[in-house]
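# Understanding the architecture of this molecule
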Amino acid sequence: MEKVKCECGHVNPYGTYLCESCGKPLIEEKSKLANMRYEGVARRSQTYTRTFVDKIWNFFSSVKVGIWIIVVLLLTSSLGTLFPQEMYIPPGENATIYYEQEYGTLGKLYYQLGFHNLYSSWWYMLIIAALGISLVICSLDRVVPLHRALKTQRVTRHEAFLKRQRLFSQTDNAENIDEDMIKAESLLKEKRYKIRKENGNILAEKGRFSRWGPYVNHIGLIIFLIGGMLRFFPEMYLDEHVWVREGEQEVIGGTNGEYFLRNNEFMIELYDEEDEKYQPALERAGGPVVKTYQTSATLLRREAGGTIGSETELAEVKDHDIRVNDPLTFEGFSLYQVDYKLNELSSFTFTLESEEENTDLTDIQFEVDLNDPEDVYEFDNGYRIEILEYFPNFVIDDNREPTTINRIPDNPRIIFEVFPPEADPEEEQGELSLVGIQVNEPLNGENDYTIRMTDVDMVNVTGLTIRKDRTLPIISVGGFIFMIGLVQGSYWHHRRIWIQNRNGRLVLAGHANKNWHGLKKDFKYLSDQTTIPMPVDQSEESSEEENEGVNESHDPTQR
Amino acid sequence: MIQLSANMLYAAFFLYILSAVLFAVSITGSKFKNHKGEENNKAGLFGYTTAILAFAASLTYFVTRWIAVGYAPVSNMFEYTAALGIALGLAFVIIHPIYRNNYLGLFTMPVVMLIIAYASMFPREVQPLIPALQSHWLTIHVITTVLGQGILAIGFVAGLLYLIRVIDFKKTSKKVKGVEFIIYTLVATAAYIGLSFGFGAADYEANFAYINEQGNEAEVAYFLPPLIGPNEGELISEQGMSPLVEVPAFIRSNDLNTVVWSVLAGLLLYGLLRLVLRKPVGGAIQPFVKNVNPQTVDEMSYRAIAIGFPIFTLGGLIFAMIWAQIAWTRFWGWDPKEVWALITFLFYAAYLHLRLSRGWHGEKSAWLCVIGFALIMFNLIFVNLVIAGLHSYA
């Protein structure tokens, strides 16, 4: 494509609206005011429209398309809050029936359309990807030429450029023009403008760096999105759960068996119902309110040289009270207090009783650890009790067979076999009985011996989430850059004031990318202290001509 | 201490009324003259001073309550909504010196009053903090968010001012209906406050025994006369009357009853206004704001949003994510409140990008400011009270 040479001598890329150097309009525009968006530079998207790549580029470089993507994302996101997402329905509920049962036909439709997992659906991901692409292309399309134009701009702008600025005025035969311009220079310096001079003309500029704000925040957003994407790669993200009983230790998943956690104590603290301060609120709540969930934990590490599976050589690393809002962290891992179970059965204590009165069985007392029962209990006086079967969580299954749901002793049943001293456990069968909470049944006829439960021990169990998220640093950096860009672009404004002496004619023009109010105030400051007049706001003039200055103010000069 | 803090909030409320009156005087009563015969209307200055005093009073409420309860008082609906009113008052105090626009004062003060009064309708007792809320991030996250929303709300007020200034109320149009609907919403909110306050002062309470969703017998209390009754409800208190209609068990009948009362009372009030004024309410306000420069108001609303947006983003998304990572093990979990904060963010982001295009300044932009504020209120009220989620603390 041909380059365009302006009369000032600067060579502009093809498609430039306003000469990058002097600002002379190179392409005629109808409106009275110059389109100052991106300084009238040639943007790739506006110039090349031939190839397939051009077309894709042009599509995503449009702010309008970008806004549409934002709006589509906004609308679809809102749909997902109509009913709870699958992860928030009550645990144990089956999504296939839950939505219909709970929310009727609409719920069924919601489920069938996949809205119960909307935010991880492929099409939601696609919208976010489109947003990311739009961010990259929109930014690149603008930032490069804009940077060049702002760098190339010269002090003496073409008069046609100045005339078409929103704030403009000219004074013929201005008196004390030289004096005023010297004074203006120092006044503007006072207002922290950067002054450049050329042939007696002034360009005062301030806050140009705010023009890069949007691009900086877009870079931050892209880094953020990339960080979010990395989660789907293995090793980047770990989300596991572990239950630890009081007094016990469990291996911490994801650490290759290197770290263990011991639960020293789990406790729940409630707010004192007698506390006057909280009484009305507690009454309204209608029940106790929890003050603290806390696991007093010790982090343990397998000593070097120890083999996997051997828990003997564990060294204490640190103690920490894990609470909500206060996880235990080490080497990028965090352990969070998320769940608990109070009073889980841990052991039963039994004695043996006999039908015959003269048998002394007082020595026989034994404890069965419900998480790790022994097979055989032998006693000095020759008695021997075996555990034939153990069902930690007993049920009768569909085949009418006794079985266990899992290894958690929520409903333990034990089948004992009792051998008195005279019996030979190898040859004979002992008396069988099924024992559990409030259950004690003989299984093979009348029993001479009865196993009696005398004590029950319970423990509290804490539920912890193990989390490792290597994407966090990237996401944090992205968020941080995003915030910097946002502040940079929002709290500073790019302002420029041109003052030119055209052979005794004073030409004045101003441009702000936002905050015209602030720019006008600066002009006011000038006009108060010099004979330089206030410039006229040409956008107000023009729109008032159109329709009394109200309904639509076509303001083509923004940014 | 709690009593002192409550009194300060009352004081702030009355100071806001005074400030609104003074701003009204500054606009309508510009005929005052000093002894030299020059026009000299200081009401605007007094209005602003009163607004500062009102803000100081509300800040005292905030600080004393903080001391009394022992945590930043932004933990439930009353505290948060009151904080939103205070933040809006603060945003006005900051923005007014830049633009010195008394009209903005006239429009902002009543909105602040309305928000503070609405806040007071929620239970105000000191609440014990549940473990998830016991963190310094409660202070950091919520206060930053509320400041951002307060500033964004200025955008709404300026947008509304713009619309009332420029819309032609002589013809019936969608725009007129839109503005009238906004005004109706404000009137209905006022009606709700009036009703709750009135019946509350009279200690009205009607109790029903009813059959709940699970098919069990339960009781429900009404603080407004029951028009809408619960499922198979039976009046068991002395006060009360038999309801006109009965709703199925899955609807919270007492809440629906309150909504119905507010809608009806709002309609009644609004109807009366129309009857007295004999034109759209916005059309009746318009002559008072005829001297407003639309372009200035447009820029004011834009500036408010440009200033508020980064603060809201910082508080409502970034600090929120940091806290969520600490308290809920993940920085983002698609909880309804999180999603609606994201939607609010996206909406204002779209607004800021639209400001780059031609034809989106002025009126269209004013409508967007109104919708943005509606989103904020939706996320505050509807998402907390109706859509259950992790953030339902009220």
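Residues numbered from 1 in each chain as written. Chains lettered and ligands numbered in written order. Predicted model: local features only at pLDDT ≥ 70, side-chain atom pairs only at ≥ 80, totals over all residues. Heavy atoms only, no water.

As recorded in an unreviewed UniProt entry, chain B goes by Cytochrome c-type biogenesis protein CcsB and comes from Salipaludibacillus aurantiacus. Word for word, the UniProt comment on chain B under Subcellular location (unreviewed entry) is "Membrane". (UniProt positions renumbered as here; feature names shortened; annotations may be inferred.)

The name given to chain A in an unreviewed UniProt entry is Cytochrome c biogenesis protein, with the source organism recorded as Salipaludibacillus aurantiacus. Listed under Subcellular location (unreviewed entry) in UniProt, the entry text for chain A is "Membrane".

### Some points on the UniProt feature "domain: Cytochrome c assembly protein" (unreviewed entry) in chain B
According to UniProt, the "domain: Cytochrome c assembly protein" (unreviewed entry) feature falls on residues 75-189 and 269-391 of chain B. The distance from the first to the last C-alpha atom of residues 75-189 of chain B is 23 Å, and the span holds 77% helix and 0% strand. (Helix = DSSP H or I, 4+ residues; strand = E, 2+ residues; numbered from the N terminus.)

### Here's the deal with the nonpolar core
Counting residues in hydrophobic clusters, the biggest one holds 96 residues, and the most contacted among them are B:Y16, B:F92, B:L104 and B:I154. Breaking this core down by element, the ones donating at least two residues are helix 1 (2-28), helix 2 (43-69), helix 3 (77-99), helix 4 (102-119), helix 5 (136-166), helix 6 (174-201), helix 9 (294-327) and helix 11 (363-385) of chain B. Sort the elements by how many residues they give to this core and helix 5 of chain B lands first, with 15 residues. Filtering out sequence-adjacent residues up to four positions away, B:F92 remains in contact with B:F23, B:Y48, B:A51, B:P97, B:L104, B:G105, B:T108, B:M109 and B:I154. A:F115, B:F312, B:W332 and B:L342 belong to the second largest nonpolar core, which has 65 residues in total. (Core = buried A, V, L, I, M, F, W, Y, C linked by side-chain atoms within 4.5 Å. Buried < 20%, exposed > 50% of the residue type's maximum accessible area, 1.4 Å probe, protein only. Contact = heavy atoms within 4.5 Å.)

### Notes on the packing of helix 3 of chain B against helix 4 of chain B
All names here are of chain B. Remark: helix 3 packs on helix 4, axes separated minimally by 8 Å, with the N-to-C direction vectors making an angle of 165 degrees. Taken as axis vectors, helix 3 and helix 4 run roughly antiparallel relative to one another. Helix-helix and strand crossings are classified by hand; for helix 3 and helix 4 the assignment is left-handed. On helix 4, the residues touching F78, T81, A82, L84, G85, L88, G89, F92, I95 and H96 of helix 3 are N102, L104, G105, T108, M109, V111, V112, I115, I116, Y118 and A119. Along the lines of polarity and charge, the residues of the contact of helix 3 with helix 4 split into 14 nonpolar, seven polar and no charged. (Axes fitted to C-alpha atoms, helices over the stretch in contact; angles between N-to-C directions. Parallel < 35°, antiparallel > 145°, perpendicular 65-115°, else oblique. Left-handed = near helix turned anticlockwise from the far one by under 90°. Nonpolar A, V, L, I, M, F, W, Y, C, P; charged D, E, K, R; others polar.)

### Details of the packing of aromatic side chains
Residue and element names in this part refer to chain A. According to the stated counting rule, one finds 49 aromatic pairs over all chains in the structure shown. A connected cluster of aromatic rings, assembled from ring pairs, spans F83, Y98, Y99, Y103, Y110, Y111, F115 and W123. Over the face of the ring belonging to W516 we find R166, whose NZ or CZ atom lies 4.3 Å from the ring centre. Taking NZ or CZ as reference, R231 lies 4.0 Å from the ring centre of Y237, over its face. (Phe/Tyr/Trp six-rings, centres within 6.5 Å; stacked < 30°, edge-to-face > 60°. Lys NZ or Arg CZ within 6 Å of the ring centre and 35° of its normal.)

### Quick look at the domain arrangement of chain A
Once the domains are mapped, chain A shows domain 1 (165-207 + 493-559), domain 2 (211-233 + 476-490) and domain 3 (348-453). Centre-to-centre, using C-alpha coordinates, domain 1 of chain A lies 98 Å away from domain 3 of chain A. (Domains from an automatic or database assignment.)

### As for a nonpolar patch on the surface
A surface patch of nonpolar side chains, amounting to about 650 Å² of accessible area, comprises B:L268, B:L269, B:L272, B:L273, B:L275, B:V276 and B:L277. The residue B:V276 is located in helix 7 (residues 253-277) in this model. (Patch = residues over 30% accessible without salt bridge, like charges linked within 9 Å, V, L, I, M, F, W, Y side chains within 5 Å. Areas by Shrake-Rupley, 256 points an atom, 1.4 Å probe, with all protein chains shown as cover. Salt bridge = Lys/Arg side-chain N within 4 Å of Asp/Glu carboxyl O.)

### Some thoughts on the domain arrangement of chain B
Residues and elements named next belong to chain B. Entries for chain B in the domain assignment read domain 1 (1-128), domain 2 (159-166 + 279-394) and domain 3 (170-278). Taking only C-alpha atoms, the centre of domain 1 and the centre of domain 2 are 21 Å apart. Summed over both partners, the interface of domain 1 with domain 2 comes to about 1700 Å²; 81% of that surface belongs to carbon and sulfur atoms. Among the residues of domain 1 in contact with domain 2, M77, Y99 and F107 are the three that bury the most area, contributing 38% of the side total. Remark: the boundary between domain 1 and domain 2 carries two residue pairs in polar contact (both at pLDDT 80 or more). (Buried area = accessible area lost by both parts, 1.4 Å probe. Polar contact = N/O pair within 3.5 Å; in protein donor to acceptor, adjacent residues only side chain to side chain.)

### Quick look at a negative patch on the surface
Residue and element names in this part refer to chain A. Together, E355, E356, E422, D424, E426, E427, E428, E446 and D448 give the surface a local cluster of negative charge. Along the chain, E426 falls in the loop between strand 18 (413-419) and strand 19 (431-436). Among the residues examined, E426 registers a relative accessible area of 72% and is labelled exposed. (Lys, Arg positive; Asp, Glu negative; His and termini not counted. Charge placed at Lys NZ, Arg CZ, Asp CG, Glu CD.)

### Things to note about unusual backbone geometry
Backbone phi values are negative for most residues with the exception of glycine, while trans is the configuration of most peptide bonds. Residues and elements named next belong to chain A. For E235, which is not glycine, the phi torsion reads 75 degrees and is therefore positive. One can find E235 in the loop between helix 8 (213-230) and strand 6 (237-245). You will see that N343, though not glycine, has its phi angle at about 55 degrees, which is positive. One can find N343 in strand 12 (residues 333-354).

### Topic: the sheet that holds strand 4 (residues 234-235) of chain B
Two pairing modes exist for strands in a sheet, parallel and antiparallel, and in both the strands are linked by backbone hydrogen bonds. All names here are of chain B. Taking strand neighbours across the sheet as the criterion, the three strands line up as 2-1-4 in an open arrangement whose pairing is antiparallel. The sheet is open, and its two borders are formed by strand 2 (217-222) and strand 4, each paired with just one other strand. Where strand 1 (residues 206-211) lies against strand 4, two bridges are found, and the strand directions are antiparallel. Pairing of A209 across the sheet is with E234, part of strand 4. (Pairing = 2+ DSSP bridges.)

### Focus: the pairing of strand 1 of chain B
Residue and element names in this part refer to chain B. The pairing of strand 1 with strand 2 spans six bridges and is classified as antiparallel. Across the sheet, residue F208 finds its bridge partner in strand 2, namely V220. Counting the residues that bridge the hairpin from strand 1 to strand 2 gives five residues, and of these G215 lies at a positive phi of roughly 80 degrees.

### Details of the UniProt feature "transmembrane region" (unreviewed entry) in chain A
UniProt's entry tags residues 65-83, 122-144, 215-233 and 472-492 of chain A with the feature "transmembrane region" (unreviewed entry), counted in the numbering of this structure. Secondary structure content for residues 215-233 of chain A is 84% helix and 0% strand, while the C-alpha to C-alpha distance between its ends is 28 Å.

### Some thoughts on the pattern of salt bridges
All names here are of chain A. Scanning the model with the defined rule gives 35 salt bridges over all chains in all. Among the ionic pairs, D537 bridges to R166, the shortest N-O distance being 2.9 Å. Placement of the pair is D537 in strand 24 (residues 536-537) and R166 in the loop between helix 6 (159-163) and strand 3 (167-171), with a sequence separation of 371 residues. Note that R301 is salt-bridged to E258, the shortest N-O span being 2.5 Å. Here R301, found in strand 9 (residues 290-302), pairs with E258, found in the loop between strand 7 (249-251) and strand 8 (259-270); they are 43 residues apart in sequence, far enough to count as distant. Judged by its relative accessible area of 25%, E258 is partly exposed.

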